[in-house]
Amino acid sequence: AANNAKLLAALDGVSTRRARFVCALVAVRSADDPQPLVAMGRWSGVILPAPRGEAGFGYDSLIYVAELQRSVAELSPSEKNGRSHRGIASREMLRQMREVWGLG
């Protein structure tokens, strides 16, 4: 709550309020792995002027996802996991592990 209040105070009067959640995953088979796998997930939204929703954590109540017309904190867990930066990165990592390492 304190971080959300700090963010809103810092953005007071700012008209462009875009935001992005980012997740980076790296998988290595050993410390000297010649072919580490890197997967990125990005989820964009707009920072709301006030919190909306009760679910989630962190900045979820402040990030509005236009295509869903809801804040992240207003999404069900399955909706959030299906679209989130972590979900995107995780699915990409799994795809790479299957393709490059022959797993799964």
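Above this text sits the structure in question.
Student: Even after reading the chapter, I still don't get unusual backbone geometry, so can you show me in this structure?
Tutor: Most peptide bonds adopt trans geometry, and most residues besides glycine take a negative phi value. Of note, the phi angle at Gln69 is positive, near 55°, even though the residue is not glycine. Tracing the sequence through the fold places Gln69 in the loop between strand S3 (63-65) and strand S4 (70-71).

Student: Could you clarify how one ought to interpret the pattern of salt bridges in this entry?
Tutor: Opposite charge on two side chains allows them to pair when their charged atoms are near. A complete count under the given rule lists 6 salt bridges for this structure. Across the pair Arg52 and Glu74 runs a salt bridge whose closest N-O atoms are separated by 3.0 Å. Linking Arg52 in the loop between strand S2 (37-47) and S3 with Glu74 in the loop between S4 and helix H2 (77-83), this pair joins segments that are 22 residues apart in sequence. The salt bridge involving Arg95 is made with Glu99; its shortest N-O contact spans 2.7 Å. Separated by 4 residues within a single helix, Arg95 and Glu99 lie in helix H3 (residues 85-101), roughly one turn from each other.

Student: Can you walk me through the packing of aromatic side chains in this structure?
Tutor: Describing an aromatic ring pair means giving the distance of the ring centres and the angle of the ring planes. By the definition in use, this model includes 1 aromatic pair. Between Phe21 and Trp43, the ring centres sit 6.2 Å apart and the planes meet at 40°, which makes this aromatic pair tilted. On the criterion of sequence distance, the pair formed by Phe21 in strand S1 (residues 18-27) and Trp43 in strand S2 is long-range, its members being 22 residues apart. Classification of Trp43 as buried rests on a relative accessible area of 7%.

Student: Any chance you could explain H3 here in plain terms?
Tutor: It helps to recall that an α-helix has 3.6 residues per turn; residues three or four apart then point in one direction. For H3, spanning 17 residues, the distance from its first C-alpha to its last is 23 Å, which sits close to the expected 24 Å at 1.5 Å a residue. For H3, the full list of buried residues reads His85, Gly87, Ala89, Met93, Gln96 and Trp101. Of the surrounding secondary structure, the elements contacted by the buried residues of H3 are S1, S2 and H2. Backbone geometry just downstream of H3 places Gly102 in the positive-phi region, at approximately 70°.

Student: How should the pairing of S2 be read in this particular structure?
Tutor: Regular strands show a simple pattern: their side chains alternate between the two faces of the sheet. Sheet topology note: the S1/S2 ladder contains 10 bridges and is antiparallel. Opposite Ala19, over in S2, you have Gly45 as the bridge partner. As judged from the 2 bridges shared by S2 and S3, these two strands associate in the antiparallel manner. Residue pairing in the sheet places Ile47 in a bridge with Ile63 of S3.

Rules used in this analysis
Residues numbered from 1 in each chain as written. Predicted model: local features only at pLDDT ≥ 70, side-chain atom pairs only at ≥ 80, totals over all residues. Heavy atoms only, no water. Helix = DSSP H or I, 4+ residues; strand = E, 2+ residues; numbered from the N terminus. Salt bridge = Lys/Arg side-chain N within 4 Å of Asp/Glu carboxyl O. Phe/Tyr/Trp six-rings, centres within 6.5 Å; stacked < 30°, edge-to-face > 60°. Buried < 20%, exposed > 50% of the residue type's maximum accessible area, 1.4 Å probe, protein only. Expected span 1.5 Å × (residues − 1). Contact = heavy atoms within 4.5 Å. Pairing = 2+ DSSP bridges.

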